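What follows is each chain in one-letter form.
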Amino acid sequence: METVIYIVKKGDTLYNIAKMYDTTVNAIARYNGIIDPDVLSVNQVLRIPVTTVPEDKGDEYTVKSGDTLYKIARNYGVSVSDLINLNKLTTPDLIYPGQVLKIY
């Protein structure tokens, strides 16, 4: 099982997020220690347990001058290794302005 990082957006519900990732509200709530599944906060970081990572879900980030994978990962609540694997980076110490990275 893999874990996808999801950043809650305005209007999101656990039901809609669960449906998006083909899982259940209870699975997400348990995995994140959520007591009341009706209460989410914008920008809340959720870890979603999934059996397969959907290819068309998630955000994209355009690298800016001065960015590092560590800084981007920290801002999105993901690990550097997740960014490397998801984007199939062969030289992870070399990212460049204008490069578009997938982020889950």
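Reading the values: rules and limits
- Residues numbered from 1 in each chain as written.
- Predicted model: local features only at pLDDT ≥ 70, side-chain atom pairs only at ≥ 80, totals over all residues.
- Heavy atoms only, no water.
- 1 Å grid on protein atoms, 1.4 Å probe; cavity = no way out; pocket = protein on both sides within 12 Å on 5 of 7 lines; lining within 4 Å.
- Points joined across faces, edges and corners; volume = space filled by probe spheres on them.
- Helix = DSSP H or I, 4+ residues; strand = E, 2+ residues; numbered from the N terminus.
- Nonpolar A, V, L, I, M, F, W, Y, C, P; charged D, E, K, R; others polar.
- Buried < 20%, exposed > 50% of the residue type's maximum accessible area, 1.4 Å probe, protein only.

**Student:** Help me understand the layout of surface pockets, please; the structure alone is not making it clear to me.
**Tutor:** Space left empty within the atom packing is revealed by a probe, the size of a water molecule, rolled over the atoms. Size it by volume and the largest pocket reaches roughly 220 Å³. Residue lining of the largest pocket: 12 residues in total, with E2, T3, D82, L86 and Y104 positioned closest to the centre. Broken down by secondary-structure element, the contributors of at least two residues to the lining of the largest pocket are β1 (2-7) and α4 (80-86). In terms of residue class, the lining of the largest pocket is made up of 8 nonpolar, 2 polar and 2 charged.

**Student:** Just to check I follow, could you spell out unusual backbone geometry for this structure?
**Tutor:** A negative phi holds for most residues other than glycine; trans holds for most peptide bonds. Phi at D22 takes a positive value of approximately 55 degrees, unusual for a residue other than glycine. Here D22 is to be found in the loop between α1 (14-20) and α2 (25-32). Judged by its relative accessible area of 75%, D22 is exposed. Its identity is not glycine, yet N43 carries a phi of approximately 75 degrees, on the positive side. N43 sits in the exposed class, given a relative accessible area of 57%.

**Student:** Got a minute to help me understand empty space enclosed by the protein in this structure?
**Tutor:** The full count for this structure, using the stated rule, is 1 cavity of 30 Å³ or more. Looking at the largest cavity, its volume works out to about 50 Å³. I5, Y6, I7, D59 and Y104 are the residues nearest the centre of the largest cavity, which is lined by 10 residues in total. For the lining of the largest cavity, the element with the highest residue contribution is β1, accounting for 3 residues. Tallied by class, the residues present in the lining of the largest cavity amount to 7 nonpolar, 1 polar and 2 charged.

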